[in-house]
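Coordinate analysis (summary)
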Amino acid sequence: VAQFCATLGAAEDDEAKQHEYYNRAVAIYEGASTYSRGNRLLQWSARDYNLRAIICKLAVGDFEGDDGAEARLETYCEQDPSFPATKECKLANQIVDAFRDLDVEALAEATQDYDQRSRLDQWKVAQLLQVRQLMQRLRAEELGEEEDDE
């Protein structure tokens, strides 16, 4: 269901609806992560759910603030002391840092490095492409504003 919500969000042109779909996906992933952490058989899935929630936040540019990707990542690390040592957390940190700097090359490098060790599934690839396109658009807007100031 969460993947479906995020996929709908990616296809939506209306920004408000896009946020709504992605926020639904985040809520579902966070619920699944919480449930998984409490179950010894499922605890390893929590890492992936946390990563997916971060990707959803970044796909709509929800980066800063109490509810942004940066704060969520800190929360996930606090909730699960084993999460910071995982490859999923490393990727989440790298893509959050890349988004902060609007560094598309750093995003590409992080995803390539992760993909060499653990294949990125089709959903993550599609959503990370959304993140990349947003970063490019924001970077272009930032550069346009700098030119206007001169």
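Now for a look at the structure at hand. All of these numbers come straight from a predicted model, not from anything done at the bench.

Another point: the packing of helix α3 (residues 45–59) against helix α5 (residues 87–101). Following both chains from N to C, one finds α3 and α5 inclined at 10°, their axes separated by 9 Å at the closest point. In terms of orientation, α3 and α5 fall into the roughly parallel class. Here Arg47, Asp48, Leu51, Ile54, Ile55 and Leu58 of α3 come into contact with α5, specifically with Glu88, Leu91, Ala92, Ile95, Val96 and Phe99. Here the contact of α3 with α5 is built from residues that sort into 9 nonpolar, no polar and 3 charged.

Turning our eyes to something else, we now look at the packing of α3 against helix α4 (residues 69–79). Two elements in contact, α3 and α4, have axes whose closest approach is 9 Å; the angle formed by their N-to-C orientations is 170°. With respect to their mutual orientation, α3 and α4 come out roughly antiparallel. Between α3 and α4, the contacting residues are Asn50, Ala53, Ile54, Lys57 and Leu58 on the first element and Ala69, Arg72, Leu73 and Tyr76 on the second. A breakdown of the residues in the contact of α3 with α4 according to their chemical character gives 6 nonpolar, 1 polar and 2 charged.

Enumeration over the complete set of coordinates arrives at 3 aromatic pairs. Here Tyr29 and Trp123 contribute two aromatic rings whose centre-to-centre distance is 5.8 Å and whose plane-to-plane angle is 65°, an arrangement assigned as edge-to-face. Taken together, the positions of Tyr29 in helix α2 (residues 15–37) and Trp123 in helix α7 (residues 122–149) put the pair 94 residues apart, joining distant regions of the chain. Arranged with centres 5.6 Å apart and planes meeting at 35°, the rings of Phe63 and Phe99 form a pair that is tilted. Of this pair, Phe63 sits in the loop between α3 and α4 while Phe99 sits in helix α5; the two residues are 36 residues apart in sequence, bridging distant segments of the chain. Overall, the relative accessible area of 7% leaves Phe63 in the buried class. An aromatic cluster is defined as three or more aromatic residues linked by ring pairs; in this entry it consists of Tyr29, Tyr49 and Trp123.

A separate point is the side chain of Arg72. For Arg72, the position within the fold is in helix α4. A polar contact of 2.2 Å, which involves the side chain of Arg72, links it to the side chain of Glu30. Setting aside chain neighbours within four positions, we find Arg72 in contact with Val26, Glu30, Ile54, Lys57 and Asp67.

A few words on the nonpolar core. Burial of nonpolar side chains together is a common tendency in soluble globular proteins. Core analysis: the biggest nonpolar cluster contains 34 residues, and Ile54, Leu58, Ile95 and Val131 have the highest contact counts within it. Those residues in contact with Leu58 that sit more than four places away from it in its chain are Phe63, Ala69, Ile95, Val96, Phe99, Val131 and Leu134.

It is worth spelling out a negative patch on the surface at this point. Taken together, the side chains of Asp101, Asp103, Glu105 and Glu109 make up a negatively charged region of the molecular surface. With respect to the element layout, Asp103 can be found in the loop between α5 and α6 (104–117). On the accessibility criterion, Asp103 (32% relative accessible area) is partly exposed.

Turning to unusual backbone geometry, a few remarks are in order. Of note, Leu102 is a non-glycine position whose phi angle comes to about 50°, a positive value. With respect to the helices, strands and loops of the structure, Leu102 is situated in the loop between α5 and α6. Given a relative accessible area of 12%, Leu102 falls into the buried group.

For the structure on display, the rule yields 17 salt bridges. Residues Glu20 and Arg24 are paired through a salt bridge, measuring 2.5 Å at the closest nitrogen-oxygen approach. With Glu20 and Arg24 both in helix α2 and 4 residues apart, this pair spans about one turn of that helix. For Arg24, a relative accessible area of 41% puts it in the partly exposed group. Residues Arg52 and Asp121 are paired through a salt bridge, measuring 2.7 Å at the closest nitrogen-oxygen approach. Residue Arg52 is located in helix α3, and its partner Asp121 is located in the loop between α6 and α7; the two are separated by 69 residues in the primary sequence. One salt-bridge network, in which partners are shared between bridges, spans Glu30, Lys57, Asp62, Asp67 and Arg72.

Definitions and limits used
- Residues numbered from 1 in each chain as written.
- Predicted model: local features only at pLDDT ≥ 70, side-chain atom pairs only at ≥ 80, totals over all residues.
- Heavy atoms only, no water.
- Axes fitted to C-alpha atoms, helices over the stretch in contact; angles between N-to-C directions.
- Helix = DSSP H or I, 4+ residues; strand = E, 2+ residues; numbered from the N terminus.
- Parallel < 35°, antiparallel > 145°, perpendicular 65-115°, else oblique.
- Contact = heavy atoms within 4.5 Å.
- Nonpolar A, V, L, I, M, F, W, Y, C, P; charged D, E, K, R; others polar.
- Phe/Tyr/Trp six-rings, centres within 6.5 Å; stacked < 30°, edge-to-face > 60°.
- Buried < 20%, exposed > 50% of the residue type's maximum accessible area, 1.4 Å probe, protein only.
- Polar contact = N/O pair within 3.5 Å; in protein donor to acceptor, adjacent residues only side chain to side chain.
- Core = buried A, V, L, I, M, F, W, Y, C linked by side-chain atoms within 4.5 Å.
- Patch = residues over 30% accessible without salt bridge, like charges linked within 9 Å, V, L, I, M, F, W, Y side chains within 5 Å.
- Areas by Shrake-Rupley, 256 points an atom, 1.4 Å probe, with all protein chains shown as cover.
- Salt bridge = Lys/Arg side-chain N within 4 Å of Asp/Glu carboxyl O.
- Lys, Arg positive; Asp, Glu negative; His and termini not counted.
- Charge placed at Lys NZ, Arg CZ, Asp CG, Glu CD.

Treat this as a map of the structure, not an account of what it does.
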